[in-house]
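Notes for the structure review
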Amino acid sequence: MLKVLTAAAAAGVLAGGASAGVVEIAGIGGGLTLNSKDLSGSVFTSGAPAFSTANLNAIHNDINLDIMTNGCVTFILADVGTPGGGSSLAFLALVDDETGGAFSAADSSLFMTTTGNATNTAWINDNGSDIPGQLGSTYQGNFTWDSAVEGDGFAWSGLSVGDVLNFRFEEQFGNLPTSAGLSDPAFQFLSWDGSNWVRVFGSGAGAGGKYDFTDNDQFGFSTTV
């Protein structure tokens, strides 16, 4: 079946030959539509909230066959595994690339706050382990990473009709500037077209179809399942 997520709060179920999810992002160039890819064979099969480096690296390797993630905050929708062996729809925010190289020193930082539904499952990959959960369905804190060899990531899984997701990012300056690890513009939304990952963008996109921080150094969006 085709699982549908929509920012307009409407939902439907369509027949199809393979399992795939659709999410519509509100407020980005008039709205964007992303389709999911099945990554359930290797992603999120252990206990939450441990978003393992091996899982993160595998996702980037898959995407980088079509589009580079280095220097970007990349958003995708995917069907992922569950510890019990099933499948779940997830929305992922991938911060910079993950190469699996040896960590040297954190030189980059990016603040994130995100809110999901209390029934969603949160997954976190962050070297500093400083993105704690608050009130069960809100997570916020700084991603910190070594931009030469690693990245970080966050995901909400277990998405179902009626859930609301919100994301906000803020540039950090000082000892760990965001600019050390991210390109300008930094944010990209990718969709699976059945054969390849493709970048999806609207009228507000900048160079190469990517989005930048606002003048007050923030970037955010929401979606409703």
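Our subject is the structure listed above.
Residues numbered from 1 in each chain as written. Predicted model: local features only at pLDDT ≥ 70, side-chain atom pairs only at ≥ 80, totals over all residues. Heavy atoms only, no water.

With respect to the overall build of the chain
Within the chain, the secondary structure is distributed over one helix and 16 strands. Per-residue burial for the chain yields a buried fraction of 49% across its 225 residues. A fraction of 71% describes how many contacts in the chain between residues 6 or more apart in sequence connect residues 24 or more apart. Only carbon and sulfur atoms are counted for the fraction: they give 51% of the accessible area of the chain, which is about 9100 Å². (Helix = DSSP H or I, 4+ residues; strand = E, 2+ residues; numbered from the N terminus. Buried < 20%, exposed > 50% of the residue type's maximum accessible area, 1.4 Å probe, protein only. Contact = heavy atoms within 4.5 Å. Areas by Shrake-Rupley, 256 points an atom, 1.4 Å probe, with all protein chains shown as cover.)

Description of unusual backbone geometry
For the bond from Ala48 to Pro49, the omega torsion is 5°, close enough to zero to count as cis. Mapped onto the secondary structure, Pro49 falls in the loop between β5 (37-38) and α1 (53-63). Across the junction of Asp184 and Pro185, the peptide omega takes the value 0°, indicating a cis bond. For Asp96, which is not a glycine, the phi torsion comes out positive at approximately 65°.

Things to note about the packing of aromatic side chains
With the rule as written, the count across this model stands at 25 aromatic pairs. When the ring of Phe75 is compared with that of Phe221, the centres are 4.9 Å apart and the planes differ by 80°; the resulting orientation is edge-to-face. Of the two residues, Phe75 sits in strand β6 (residues 73-81) while Phe221 sits in strand β16 (residues 218-224), which places them 146 residues apart along the sequence. With respect to class, Phe75 is no different from Phe221; both count as buried. The residue whose ring lies beneath Lys37 is Trp192, and the NZ or CZ to ring-centre distance is 4.1 Å. (Phe/Tyr/Trp six-rings, centres within 6.5 Å; stacked < 30°, edge-to-face > 60°. Lys NZ or Arg CZ within 6 Å of the ring centre and 35° of its normal.)

Comments concerning the pattern of salt bridges
For the structure shown, the criterion picks out two salt bridges. Taking the shortest distance from any N to any O, the salt bridge between Lys37 and Asp62 comes out at 2.9 Å. On the criterion of sequence distance, the pair formed by Lys37 in strand β5 and Asp62 in helix α1 is long-range, its members being 25 residues apart. Accessibility expressed as a relative area gives 16% for Lys37, which makes it buried. The class of Asp62 is buried, set by a relative accessible area of 18%. (Salt bridge = Lys/Arg side-chain N within 4 Å of Asp/Glu carboxyl O.)

Observations concerning the environment of Gly209
By secondary structure assignment, the location of Gly209 is in the loop between β15 (197-200) and β16. Separated by 22 residues in sequence, Gly209 and Phe187 place their C-alpha atoms 9.1 Å apart. With near-sequence residues (within four places) excluded, Gly209 lies in contact with Arg199, Val200 and Phe201.

Looking at the nonpolar core
Counting residues in each nonpolar core, the largest one holds 34 residues, and the members touching the most others are Phe75, Phe91, Phe167 and Phe169. Here this core takes four residues from strand β7 (residues 87-95), the largest share from any one element. Apart from the residues lying within four places of it in its own chain, the contact partners of Phe169 are Val73, Phe75, Ala93, Leu110, Phe111, Met112, Phe187, Phe213, Asp217, Gln218 and Phe219. By size, the runner-up hydrophobic cluster in this structure holds 19 residues, among which are Ile59, Ala78, Ala155 and Trp197. (Core = buried A, V, L, I, M, F, W, Y, C linked by side-chain atoms within 4.5 Å.)

Regarding the side chain of Ser147
In this fold, Ser147 is placed in the loop between β11 (138-145) and β12 (152-157). Engagement of the side chain of Ser147 in a polar contact is seen with the side chain of Asp107, the distance being 2.8 Å. Here Ala180 takes part through its backbone oxygen, which lies 3.4 Å from a polar atom of the side chain of Ser147. (Polar contact = N/O pair within 3.5 Å; in protein donor to acceptor, adjacent residues only side chain to side chain.)

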